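# Observations on chain architecture
As a plain string of letters, each chain reads:
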Amino acid sequence: LHRSILEDMTMITEKCEFLKLQGLPANEVGRIRQLECFLSQKVEHMIVIKKHRTPQALRSFAQLFIVFLPPFYDPYYGQLA
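Residues numbered from 1 in each chain as written. Predicted model: local features only at pLDDT ≥ 70, side-chain atom pairs only at ≥ 80, totals over all residues. Heavy atoms only, no water.

Glancing now at the overall build of the protein chain. When helices and strands are counted, the protein chain shows four helices and zero strands. Listing the helices and strands of the protein chain from first to last along the sequence gives α-α-α-α. Counting only C-alpha atoms, the protein chain reaches 80 × 25 × 10 Å along its principal axes. By the burial criterion, 9% of the 81 residues in the protein chain qualify as buried. For the protein chain, the accessible surface area stands at approximately 7,400 Å², while carbon and sulfur atoms represent 65% of it. (Helix = DSSP H or I, 4+ residues; strand = E, 2+ residues; numbered from the N terminus. Buried < 20%, exposed > 50% of the residue type's maximum accessible area, 1.4 Å probe, protein only. Areas by Shrake-Rupley, 256 points an atom, 1.4 Å probe, with all protein chains shown as cover.)

See the structure below:
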């Protein structure tokens, strides 16, 4: 999926160069390049999150820990009340 997105962004870059050769003003080309840069940064960030997110096993263990650990502390806090 991300490869196709990056290919589409390459196509956008090529179209921008074509428009620049056809006489598009420099400030417009600069703005397109800036938006292109922002988009590529966000896409790369999403790719990194997808590749390096927390594994399912660790998330499941954390969920079990959150659910089953509080009853062990319950008697201590019951005495304090």
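Here the narrative resumes.
What follows covers the packing of helix α1 (residues 2-21) against helix α2 (residues 26-52). Packing of α1 against α2 leaves a shortest axis separation of 11 Å and a crossing angle of 170°. Considering the angle they form, α1 stands roughly antiparallel to α2. Two secondary-structure elements touch here, α1 through His2, Ile5, Leu6, Met9, Ile12, Thr13, Cys16, Glu17 and Lys20 and α2 through Val29, Ile32, Arg33, Glu36, Leu39, Ser40, Val43 and Ile47. (Axes fitted to C-alpha atoms, helices over the stretch in contact; angles between N-to-C directions. Parallel < 35°, antiparallel > 145°, perpendicular 65-115°, else oblique. Contact = heavy atoms within 4.5 Å.)

Bringing the pattern of salt bridges into the picture now. Under the definition given, this model contains three salt bridges. With its nearest N and O atoms 3.5 Å apart, the salt bridge here joins Lys20 to Glu17. Here Glu17 and Lys20 lie together in helix α1, a separation of three residues that amounts to about one turn. For Lys20, a relative accessible area of 40% corresponds to the partly exposed category. Sharing partners across several salt bridges, the network here consists of Glu17, Lys20, Arg33 and Glu36. (Salt bridge = Lys/Arg side-chain N within 4 Å of Asp/Glu carboxyl O.)

Here the focus is the side chain of Glu36. The residue Glu36 is located in helix α2 in this model. Ignoring sequence-local partners within four residues, the contact set of Glu36 consists of Met9, Ile12, Thr13 and Cys16.

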